[in-house]
There are 2 protein chains.
Amino acid sequence: MERITAIYYIETPYDPEKAAAVLAGEQSSGTFVAVPGETEELKRRFSARVESVELVETVKEPAIPGATSKVGQYHRAIVKVSWSIENFGYNLPVLVSTLQGNLYEITQFTGLRLMDIDLPGSYGDHYKGPVFGIDGCRQLAKVQNRPLIGTIIKPSIGLSVEQTAAIVGTLAEAGIDFVKDDELLSTSANSNFNDRVNAVMDVINAHEGKTGKKVMYAFNISGEVDEMLQRYEKIVNRGGTCAMISINSVGLAAAKKVMDQRKLAIHAHRNGWGMLSRHPLLGIDFKAYQKIWRLAGADQLHVNGIQNKFWESDDSVVASIEACLAKMYDHKTVMPVISSGQWGGQAFETYRRTSTVDVLYMAGGGIMAHPMGPAAGVVALQQAWKAAVEGMTLEEAAKIYPEFGASVKKFG
Amino acid sequence: MERITAIYYIETPYDPEKAAAVLAGEQSSGTFVAVPGETEELKRRFSARVESVELVETVKEPAIPGATSKVGQYHRAIVKVSWSIENFGYNLPVLVSTLQGNLYEITQFTGLRLMDIDLPGSYGDHYKGPVFGIDGCRQLAKVQNRPLIGTIIKPSIGLSVEQTAAIVGTLAEAGIDFVKDDELLSTSANSNFNDRVNAVMDVINAHEGKTGKKVMYAFNISGEVDEMLQRYEKIVNRGGTCAMISINSVGLAAAKKVMDQRKLAIHAHRNGWGMLSRHPLLGIDFKAYQKIWRLAGADQLHVNGIQNKFWESDDSVVASIEACLAKMYDHKTVMPVISSGQWGGQAFETYRRTSTVDVLYMAGGGIMAHPMGPAAGVVALQQAWKAAVEGMTLEEAAKIYPEFGASVKKFG
């Protein structure tokens, strides 16, 4: 019978083997008091199994509150635990409750983080994964051999529908591939969702009629289930190609319901991610997180960016990009969305460390505030990536390409 | 125009006033580069506003990774920030993205926790809250003037449908008010959901026919949206009164879709809660969390228990019970679910500190492993609460009540 293995990074004042056994018991058939039905056959079939415990280090202070060590020793270890899929079958919320449920409550742990998940083969058949992924998004946006260049409408909130459509017009003329709503905007007092779709798609469809290129616009459909499905259909009916969901705020079951419609590319925004990941010994690592969202069907997934304006390290961002690009079954591959303080200057380091152009590269001010105008801003980003792929340095590229050179002067 | 105010506990190496301004900017109309549409009128209408900043203490080490202080000073403060409801209207996922979104990513903070939310009056009209709540659950279970006494089927996973139904029969005979599936079980290889509902409801309906009392059983419907709705209807059709959802794993939008059906009491299980709350300077406090889930419509919500087997302190549990019992609009009040290592001995301290019997009091081994049998286990819990309300001590109650006395000998 197939099993799912979870890899945890734990900290405990107890023997890590014993703490791991508590976890396995709590998250499967274990009980604190022996009960009649708990037979050997039941345990063999449904008990979680501790596969391995590997001590990493011992520290003197606990990472988070929990049991106290009398000798001031807290052991950190990598622990692998497995479950038969007979326990939950194909049910992502119950899988999450099993891998990420009450185990964070266990007092024996003074740190616990889900690092990775090893999924069984049959999950690749049951779950279809992204309907578009990297290849599909490239076809929709008509972009090959370079990153999709994208931007976010700013100010995040407060623009009227007409103002938003006018900015989209400017960006489309500038040659942008992708534009998105901010996650704070769905329907505001002066920007009704349906009105915004109408106004923006008028501009995008007109531009397509003229040039053959359809800008991909990620409308933020986040909301209640019926509302999201109505908004999704609104986008489909107006010829849009993409919908955005704040996956943590909307939640797994409703996001999957939307993804299951399989007509639009889904831009999965992970806002709130810091809450789930910022403490190194709590929450979930991106490597595990992205697997769940790929099973659910996300086509594009945020990974932050090199030299970002948030707290995340470059190493962590690189690991996230690599996680997205790793093959998963015969599914389409989710497209990493690079954003946060990007302007083109980071293309060099991003490419040097990841060797890929299969990303959606988002810049805000780097485009709209470019000294030669938004069109030059888009061109500058394309130049930066071309130069990075050709092995140039930022300084060499700045000399050769005037638009990129101007952005270096302003943002560098 | 109505505003929503969020109260955060923050830590920052910077001036807390400035850090709070960054938060307000990031989570509303602010941008890093000035953009043309950002007018004064727009800012006045849509900008988040820092209402107050109150310094609490200054510490030498940061709570979580982020910006580094050159002078080794990290300031902790209570910060209030407000938003006009014009920004998001009545959209809980976008509200969550606003209050709990990318702000956890902000490098200026080395700690950030959402402590409470002050909701506007119109939310009380737009959202209906729990359909049953405390009063409705009491009516469904026919229990007045004492806690509902409940238990969880154990082993958590692995019992056949027939074994589960047999245990429910024993518990019903014992006089139990409430029984629930474990959150790990929805459909397993040997316990299909629909089969379990049929078998358990046969037992419960037969017991009701005989005694007039219908045991409330919380079937775990957690899963995908359509699956949950089908399972919900299955329970309704078989005369059940309650469905359980793992709210963190299922997520807000899908859970609300289920709650909106308003035919069953919803038992909201918060497994995964430790991930969101265990670090004192990260995540969300229960006071804020329970407000969101009451708006969504949860009838029963887990709060852990006094002297529990998990990491949470008694003070925190008491605060959670009080948060649930606080009046919210003219809505029904959500019933706190007390569980984790409870056997009746904790009734005294629980009542002493909360002065309420409006709880669902869950015990596992305390009932099934009672030395005089499950019926004595249920009676012992009722005795413990009666004695607690009458001001007796545990020792006094143990002398007067033989069933409770026996449980003290075994579990005390």
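Residue numbering note: each chain is counted from 1, following its sequence as written. Each chain is given a letter, starting from A, and each ligand a number, starting from 1, according to the order in which they appear as written. Under the rules for a predicted model, residues below a pLDDT of 70 receive no local features and side-chain atom pairs below 80 are neither given nor counted, while totals for whole chains, interfaces and linings still include all residues. Note: side-chain values were computed over all heavy atoms of the structure, leaving out hydrogens and water.

**Q** Tell me about the pairing of strand β12 (residues 335-338) of chain A, and name the residues and values.
**A** Residues and elements named next belong to chain A. Burial classes: relative accessible area under 20% of the type maximum marks a residue as buried, over 50% as exposed, and values in between as partly exposed (1.4 Å probe, protein chains only). Numbering of helices and strands runs from the N terminus, with a helix taken as a DSSP run of H or I at least four residues long and a strand as a DSSP run of E at least two residues long. Alternating residues of β12 divide into Met335 and Val337 and Pro336 and Ile338, and every residue in both groups is buried. Here strand β11 (residues 300-302) pairs with β12 via 3 bridges, running parallel. Note on β12: the bridge partner recorded for Gln300 is Met335. Orient the strands so they point away from the viewer; a crossover is then right-handed if the path from the first strand over the helix to the second runs clockwise. For the crossover from β11 across helix α13 (residues 314-325) to β12, the handedness is right-handed. Sheet analysis places β12 next to strand β13 (residues 360-362), joined by 2 bridges and oriented parallel. Looking at β13, one finds that Val337 is bridged to Leu360. Following the backbone out of β12, through helix α14 (residues 347-354) and into the adjacent parallel β13, one traces a crossover that is right-handed. When DSSP finds two or more bridges between two strands, those strands count as paired.

**Q** Can you tell me about the domain arrangement of chain A, naming the residues and giving the values?
**A** Residues and elements named next belong to chain A. Per the annotation, domain bounds derive from an automatic or database assignment of domains. Parsing chain A into structural domains produces domain 1 (3-126) and domain 2 (133-411). For domain 1 and domain 2, the distance between their C-alpha centres works out to 36 Å. Two residues qualify as a contact provided that any one of their heavy atoms is within 4.5 Å of a heavy atom in the partner residue. At the interface, 23 residues of domain 1 touch 22 residues of domain 2. What counts as buried area is the accessible surface, traced by a 1.4 Å probe, that two parts surrender upon association, with contributions from both included. Roughly 1,900 Å² is buried in total at the junction of domain 1 and domain 2, and carbon and sulfur atoms are behind 65% of that figure. Note on definitions: salt bridges are taken to be side-chain nitrogens of Lys or Arg within 4 Å of carboxyl oxygens of Asp or Glu. There are 3 salt bridges connecting domain 1 and domain 2. Residues Lys287 and Asp116 are paired through a salt bridge, measuring 3.9 Å at the closest nitrogen-oxygen approach. The term polar contact refers here to a pair of N or O atoms within 3.5 Å; inside protein, the definition further demands a hydrogen-donor-capable atom paired with an acceptor-capable atom, and it admits residues adjacent in sequence only when both atoms are side-chain atoms. Connecting domain 1 to domain 2 are 13 residue pairs in polar contact (both at pLDDT 80 or more). Elements supplying a minimum of two residues to the side of domain 1 that touches domain 2: β1 (3-12), α3 (92-100), β4 (111-118) and α4 (121-126). Among the elements that line the side of domain 1 that touches domain 2, the one with the most residues is β4, at 7 residues. Any residue outside Ala, Val, Leu, Ile, Met, Phe, Trp, Tyr, Cys, Pro, Asp, Glu, Lys and Arg is labelled polar, Gly included; the first ten of those are nonpolar and the last four are charged. Taken together, the residues that form the side of domain 1 that touches domain 2 break down as 15 nonpolar, 4 polar and 4 charged.

**Q** So, the side chain of Glu86 of chain B: which residues are in play, and what are the values?
**A** Here Glu86 of chain B lies in the loop between β3 (74-84) and α3 (92-100). In terms of polar contacts, Glu86 of chain B uses its side chain to reach the side chain of Arg45 of chain B, at 2.6 Å. Those residues in contact with Glu86 of chain B that sit more than four places away from it in its chain are Ser188 and Ala189 of chain A together with Met1, Arg45 and Phe46 of chain B.

**Q** Describe helix α13 (residues 314-325) of chain B, and please don't skip the residues or the numbers.
**A** Residue and element names in this part refer to chain B. To estimate the expected span of a helix, subtract one from its residue number and multiply by 1.5 Å. In a regular helix each residue adds 1.5 Å, so 12 residues correspond to 16 Å; α13 covers 17 Å between its end C-alpha atoms and thus fits that length. Every buried residue belonging to α13 is among Val317, Val318, Ser320, Ile321, Ala323 and Cys324, and all of these are buried. Where the residues of α13 are buried, they touch α12 (286-296), β12 (335-338) and α14 (347-354).

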